[in-house]
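# Descriptive analysis of the structure
Below are the chains, spelled out letter by letter.
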Amino acid sequence: MNFIKTIVAAGLVAASTSAFAADITGAGATFPFPIYSKWADAYKKETSNGLNYQSIGSGGGIKQIQAKTVTFGATDAPLKAEQLEKDGLAQWPMVMGAIVPVVNIEGVKAGELVFDGETLASVYLGKITKWDDPAIKKLNPNLKLPSEAITVVRRSDGSGTTFNFTNYLAKASADWKSKVGEGTAVEWPVGVGAKGNEGVSGNISQTKNSIGYVEYAYAKQNKLTYTALVNKGGKTVQPTVEAFQAAASNADWAKAPGYYVILTDQPGDKSWPITAATFILMHKDATDKASSQEAIKFFRWAFKNGGKAAEELDYIPMPDSVVQLIEKTWAADIKS
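As a starting point, this report considers the structure included with it. These numbers were taken from a predicted model, which means no experiment stands behind them.

## Some points on the overall build of the chain
Check the secondary structure of the chain and you find 13 helices and 15 strands. Scaling as 2.2 N^0.38, a compact globule of 336 residues should have a C-alpha radius of gyration of about 20 Å, and the chain matches this with 19 Å. Taking the contacts inside the chain whose residues are at least 6 apart along the sequence as the reference set, 76% of them involve residues at least 24 apart. The distance from the centre of the 35 positive side-chain charges to the centre of the 33 negative ones in the chain is 1 Å.

## Describing the pairing of strand E8 (residues 151-155)
With four of its five residues buried, E8 lies for the most part within the structure. Here E8 pairs with strand E10 (residues 210-215) via two bridges, running parallel. Counted as the bridge partner of Val152 is Ile211 from E10. In this structure, E8 lies alongside strand E9 (residues 192-194), joined through three bridges in parallel fashion. For Val153, the partnering residue across the bridge sits in E9 and is Val192.

## Quick notes on unusual backbone geometry
Although it is not a glycine, Lys68 adopts a positive phi angle of roughly 60°. Looking at where Lys68 falls in the secondary structure, it is placed in the loop between helix H2 (58-66) and strand E5 (72-75). At Lys223, a position not held by glycine, the phi torsion is positive, near 50°. Positionally, Lys223 belongs in the loop between helix H9 (216-221) and strand E11 (225-226). Overall, Lys223 belongs to the exposed group, its relative accessible area being 73%.

## Brief notes about helix H1 (residues 33-47)
Under the 1.5 Å per step criterion, the end-to-end length of H1 is 20 Å for 15 residues, consistent within 8% with the ideal 21 Å. The first or second residue beyond H1 is Ser48, which carries a positive phi of 70°.

## Digging into the side chain of Ser159
Mapped onto the fold, Ser159 is located in the loop between E8 and helix H6 (160-172). Only 2.8 Å separates the side chain of Ser159 from the backbone nitrogen of Thr162, close enough to count as a polar contact. Once you skip the residues sitting within four places of it in the chain, Ser159 turns out to touch Ser58, Gly59, Gly183 and Thr184.

## Concerning the packing of aromatic side chains
Throughout the structure, instances matching the rule amount to 23 aromatic pairs. Each ring, one from Trp92 and one from Trp330, has its centre 5.4 Å from the other, and the planes form 75°; the classification is edge-to-face. With a gap of 238 residues between them, Trp92 in strand E6 (residues 89-104) and Trp330 in helix H13 (residues 320-333) connect regions that are remote in the sequence. Cluster of aromatic residues (ring-pair linked, three or more members): Tyr36, Trp39, Tyr43, Tyr53, Phe72, Trp92, Phe298, Phe299, Trp301, Phe303 and Trp330.

## Focus on the layout of surface pockets
Quantified by volume, the largest pocket comes out at close to 200 Å³. Contributing to the lining of the largest pocket are 13 residues, with Lys68, Val70, Thr71, Ala286 and Asp288 lying nearest its centre. For the lining of the largest pocket, the secondary-structure elements that each account for two or more residues are strand E14 (275-283) and helix H11 (289-305). Of the residues that constitute the lining of the largest pocket, the class distribution is four nonpolar, six polar and three charged.

## Some thoughts on the nonpolar core
Within the largest apolar cluster, 94 residues are counted, with the highest numbers of intra-cluster contacts made by Trp39, Trp92, Tyr124, Trp131, Ile211 and Phe299. Of the residues forming this core, the biggest block, ten residues, is contributed by E6.

## What to know about the environment of Ser271
With respect to the helices and strands, Ser271 occurs in the loop between helix H10 (241-248) and E14. Sequence separation between Ser271 and Phe244 is 27 residues; the distance between their C-alpha atoms is 6.3 Å.

## A short note on the sheet that holds strand E13 (residues 236-237)
Taking strand neighbours across the sheet as the criterion, the three strands line up as E7-E12-E13 in an open arrangement whose pairing is mixed. The open sheet has two free edges, formed respectively by strand E7 (114-115) and E13, since each of these has just one partner strand. Across two bridges, the pairing between E7 and strand E12 (residues 228-230) is parallel. Considered in E12, the bridge of Val114 is made with Ala228.

## Some remarks on the pattern of salt bridges
Using the criterion set out here, one finds twelve salt bridges in the structure. Linking Asp175 and Lys127 is a salt bridge whose minimum nitrogen-to-oxygen distance equals 2.8 Å. Taken together, the positions of Asp175 in helix H7 (residues 174-179) and Lys127 in the loop between helix H4 (117-125) and helix H5 (134-139) put the pair 48 residues apart, joining distant regions of the chain. Here Lys127 falls in the partly exposed class, since its relative accessible area comes to 49%. The partner of Asp314 in a salt bridge is Lys220, and the shortest N-O contact between them spans 2.5 Å. Taken together, the residues Asp314 in the loop between helix H12 (307-312) and strand E15 (316-317) and Lys220 in helix H9 connect sequence positions 94 residues apart. Look at Asp314 and you get buried, because its relative accessible area is 10%. One salt-bridge network, held together by shared partners, links Lys38, Lys308 and Glu312.

About the cut-offs
Residues numbered from 1 in each chain as written. Predicted model: local features only at pLDDT ≥ 70, side-chain atom pairs only at ≥ 80, totals over all residues. Heavy atoms only, no water. Helix = DSSP H or I, 4+ residues; strand = E, 2+ residues; numbered from the N terminus. Rg over C-alpha atoms; globule rule 2.2 N^0.38 Å. Contact = heavy atoms within 4.5 Å. Lys, Arg positive; Asp, Glu negative; His and termini not counted. Charge placed at Lys NZ, Arg CZ, Asp CG, Glu CD. Buried < 20%, exposed > 50% of the residue type's maximum accessible area, 1.4 Å probe, protein only. Pairing = 2+ DSSP bridges. Expected span 1.5 Å × (residues − 1). Polar contact = N/O pair within 3.5 Å; in protein donor to acceptor, adjacent residues only side chain to side chain. Phe/Tyr/Trp six-rings, centres within 6.5 Å; stacked < 30°, edge-to-face > 60°. 1 Å grid on protein atoms, 1.4 Å probe; cavity = no way out; pocket = protein on both sides within 12 Å on 5 of 7 lines; lining within 4 Å. Points joined across faces, edges and corners; volume = space filled by probe spheres on them. Nonpolar A, V, L, I, M, F, W, Y, C, P; charged D, E, K, R; others polar. Core = buried A, V, L, I, M, F, W, Y, C linked by side-chain atoms within 4.5 Å. Salt bridge = Lys/Arg side-chain N within 4 Å of Asp/Glu carboxyl O.

So yeah, pure geometry; function would need other evidence.
In structure tokens, the structure reads:
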């Protein structure tokens, strides 16, 4: 499913990469697309100002903002301070959410199947190839699993969702860390590639005995069967807002240059292990300063008015203390 989703003003439409006339242009991560589209709809109704956001993956968003073809880029893989400095970019977290493994196994319901990081890594390494493998059965002694081959689905595009997923696998599995590592794109040992959270969701829906990973809002919207996970504290946890908030509560944004914080594999009995933030990238000294200021107005509005909508889609709004830090960053770094 090789397509690009775009928000144009209030609506969601499938589109090519050609730009549409809109007040604010952005491109990047598919992870926050559901909430950005909801915010865009509400913002258009309230202000008559439109947003054109292309959901093309974090890698594409970084490239487009570096090339100055959009007002803002969006990425779930934050850039390090040195890269931000080199490109003249400001970066901040916009909202937090979570990544969930999803499966399509007959008779298995959402939240029933349990994985730990080591076993999940072994599936993506191609070491575990059948659903009734002893390692999976050990974690799921009461679940009837088929003796069928596992179809592994992963992202084909440069993806911040992949960055956070592989970052988690690298923390959970020494084998994964040494053989594959982490990144927005990696040399996958096995698997079928799909573009965007949308593509992975569609592939899982259509493929029996498959496994993939998507942002939680996509799992919910597409009624996919998500799994439970064993977290760093050894507790089996379900993907819930409470579990996402427990992981996010550890973040120390104030001390992180460029707000570079990775939320995977956080301690705490209630923490969901693959929690992540999604970030905005903007030029400090933009060529089109009017568009730049319009974008800041939208982000300011979203922080002030978008929390309820974010929670309805199971994202976690940024804490007020962090929003205050971000507003200081805008005042200091974004030239008007």
